[in-house]
Amino acid sequence: MVIKQNVSLKAFNTFGIEAKASSYCDISTIDQLIRVLNGNKMPLFILGGGSNMLLTQNIDALVLHINLKGIEVIKETVDMVSVKVMAGENWHEFVLWCIEHNYGGIENLSLIPGNVGTAPIQNIGAYGVELKDAFISCEAVNTKNLIKKTFSKKDCKFGYRESVFKQELKGQYIITSVNFEFTKHNHKLNVDYGAIKEQLKISKVLKPTIKSISNAVIAIRKSKLPDPADIGNSGSFFKNPVISSNQFEELLTNFPNIPSYKISDKKIKIPAGWLIEKAGFKGKRFDDYGVHNKQALVLVNYGNAKGSDILNLAQLIQQTVLQIFDIKIETEVNII
Ligand code: EPU
């Protein structure tokens, strides 16, 4: 276990932003983690897959890169299987491992960037499924007193891209592993999402399986979302805003085609991508950064953009959307 000084984080964040960590340590065992935390007096910064953050400055802290690896079946019945996954496993590789073993539950979450340990923090979701649907519990270490704690699903207080780890326990725990429960047969397939139905039709799939759903999701995501290996990005930069049904009725008079999802009688969710597109930003490029041309929710770094450039663009988008629609859109990505 080596603590290095002045380390570039460009390769460790999917936005591909250059920023330096004053101290950096790669963590591959829980013992190492405890030892580092024990002797540490510096502020901490926990780095997982680096897929949900925008670095706008150098990090004057000890950056712990959580690289804990391993996947283990911990319980199995005729119908179900419980799997423990270490936090540093790549999320998509884990989804593929499940499909290879015919374990159903997270196939709709294929190709989401990031690591298993950071997935619960924002309760990752896509195409009608959220992490919480297959989640049982996670283990985490308290960064102050080093005590290990198991968090049940209830403890995590999952919401739309939300959990206790983003709110009242922010920065207080390091997730070391996550336990999931999957079906072994009679999988509960989630194909209601329009884009999935269309993709399955295109691929001429009549009887969907978890594998064909995963393939459909991969095809949809590849067609809309840039691959961080080619163009730096952090997926959806903003959350989809929720507005009152009264405000929605008013908006309909000026914007009769506004897409919406009803959440309750009083609340309506609007796709931020649509608002941003209508505000004229889709596909806009400024120097080395801009808004993706196929999905306006995604801000991109074409090469050497600075985090502060992207933050300024995000703020301009927020102001413009507020002016036009009187809707506040919040960032989904953590701004550092
Ligand atoms: N839309 C536009 N223009 C755009 C983008 C979207 O008009 O540039 C409109 C379209 O009408 C479309 C609707 O928005 O029908 C919804 O778009 P899409 O199905 O692509 O979903 P989204 O609401 O933009 C959310 C998640 C994605 C997830 C998809 C699929 C959030 C913030 N984003 O996007 O998550 O993949 O649904 O379930 O909830 C991520 O979190 O990084 C992410 C990519």
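Here, the structure is the one placed above.
Everything numeric in this text was worked out from a predicted model, so none of it was measured. (Residues numbered from 1 in each chain as written. Predicted model: local features only at pLDDT ≥ 70, side-chain atom pairs only at ≥ 80, totals over all residues. Heavy atoms only, no water.)

J.: Sorry if this is basic, but what is going on with the pairing of strand β3 (residues 44–47) here?
T.: Across a regular strand the side chains alternate sides, sitting on one face of the sheet and then on the other. Of the two faces of β3, only one is covered, namely that formed by F45 and L47; the face formed by L44 and I46 stays uncovered. Where β3 lies against strand β5 (residues 59–66), four bridges are found, and the strand directions are parallel. By the bridge assignment for β5, F45 is matched with V63. (Buried < 20%, exposed > 50% of the residue type's maximum accessible area, 1.4 Å probe, protein only. Helix = DSSP H or I, 4+ residues; strand = E, 2+ residues; numbered from the N terminus. Pairing = 2+ DSSP bridges.)

J.: Help me out: how do you make sense of the site of the ligand in this one?
T.: Around the ligand sit 25 residues, and of these Y127, Y160, R161, S236 and E277 come closest. With respect to the ligand, the side chain of Y160 contributes an N or O atom lying 2.7 Å from an oxygen atom. Within the side chain of E332, a nitrogen or oxygen atom sits 3.1 Å from an oxygen atom of the ligand. Compared with its free state, where it exposes 820 Å², the ligand has 82% of that area covered by protein. For the shell around the ligand, the element with the most residues is helix α7 (residues 272–278), which contributes three residues. (Near = heavy atom within 4 Å. Polar contact = N/O pair within 3.5 Å; in protein donor to acceptor, adjacent residues only side chain to side chain. Areas by Shrake-Rupley, 256 points an atom, 1.4 Å probe, with all protein chains shown as cover.)

J.: Sorry, what's going on with the pairing of strand β2 (residues 20–27) here?
T.: Alignment of strand β1 (residues 3–8) against β2, held across five bridges, turns out to be antiparallel. When the sheet's bridge partners are listed, Q5 is paired in β2 with S23. Pairing between β2 and β5: six bridges, direction parallel. Across the sheet, C25 pairs through a bridge with L64, a residue of β5.

J.: What is the right way to read the pattern of salt bridges from this model?
T.: One side chain can pair with another of opposite charge once the charged atoms of both are near each other. Going through the model one piece at a time under the given rule, you end up with ten salt bridges. With a shortest N-O distance of 3.5 Å, E139 and K84 are connected by a salt bridge. With E139 in strand β10 (residues 135–142) and K84 in strand β7 (residues 80–86), the pair connects residues that are 55 residues apart, well separated along the chain. Here E277 and K282 are joined by a salt bridge, their closest N and O atoms 3.1 Å apart. K282 sits in the partly exposed class, given a relative accessible area of 31%. (Salt bridge = Lys/Arg side-chain N within 4 Å of Asp/Glu carboxyl O.)

J.: Teacher, can you tell me more about helix α4 (residues 194–202) here?
T.: Three or four residues apart is the spacing at which side chains of an α-helix point the same way, because the helix has 3.6 residues per turn. Within the sequence span of α4, burial applies to I196, Q199 and L200. Buried residues of α4, seen end-on, are gathered within an arc of 100° and therefore sit on one face of the element. Relative to its buried face, α4 has exposed residues pointing more than 90 degrees away, namely E198, K201 and I202. Against the buried residues of α4 lie α5 (210–224). Immediately beyond the C-terminal end of α4, within one or two residues, lies K204, with a positive phi of roughly 55°. (Arc of directions from axis to C-beta. Contact = heavy atoms within 4.5 Å.)

J.: Please clarify how unusual backbone geometry should be interpreted in this entry.
T.: Glycine aside, residues mostly have negative phi angles, and peptide bonds mostly take the trans form. Backbone geometry at L146 places phi at a positive 65°, although glycine is not the residue there. With respect to the helices and strands, the residue L146 is situated in the loop between β10 and β11 (148–152). Of note, the phi angle at D326 is positive, near 60°, even though the residue is not glycine. Here D326 is to be found in the loop between α8 (307–325) and β20 (334–335).

J.: I tried to follow helix α6 (residues 245–254) on my own but got confused; where do I start?
T.: For α6, every residue scored as buried is listed here: S245, Q247, F248 and L251. Mapping the buried residues of α6 onto a view down its axis gives an arc of 150°, with all of them on the same face. What points out from α6, more than 90 degrees from its buried face, is the exposed set N246, E250 and T253.

J.: What should I look at first to understand the nonpolar core in this one?
T.: Soluble, globular proteins show a tendency: their nonpolar side chains are buried together. Counting residues in hydrophobic clusters, the biggest one holds 45 residues, and the most contacted among them are I276 and I317. Those elements that place two or more of their residues in this core are β2, β3, β4 (53–54), β5, α6, α7, β18 (289–291) and α8. Looking at this core, the element that brings in the most residues is α8, giving seven residues. Two domains each put at least three residues into this core: domain 1 (3–66) and domain 4 (232–335). Residues in contact with I317, not counting those within four places in the same chain, are F238, I276, F281, V291, L299 and I329. With 42 residues, the next largest nonpolar core counts W97, Y103, A134 and I175 among its residues. (Core = buried A, V, L, I, M, F, W, Y, C linked by side-chain atoms within 4.5 Å. Domains from an automatic or database assignment.)

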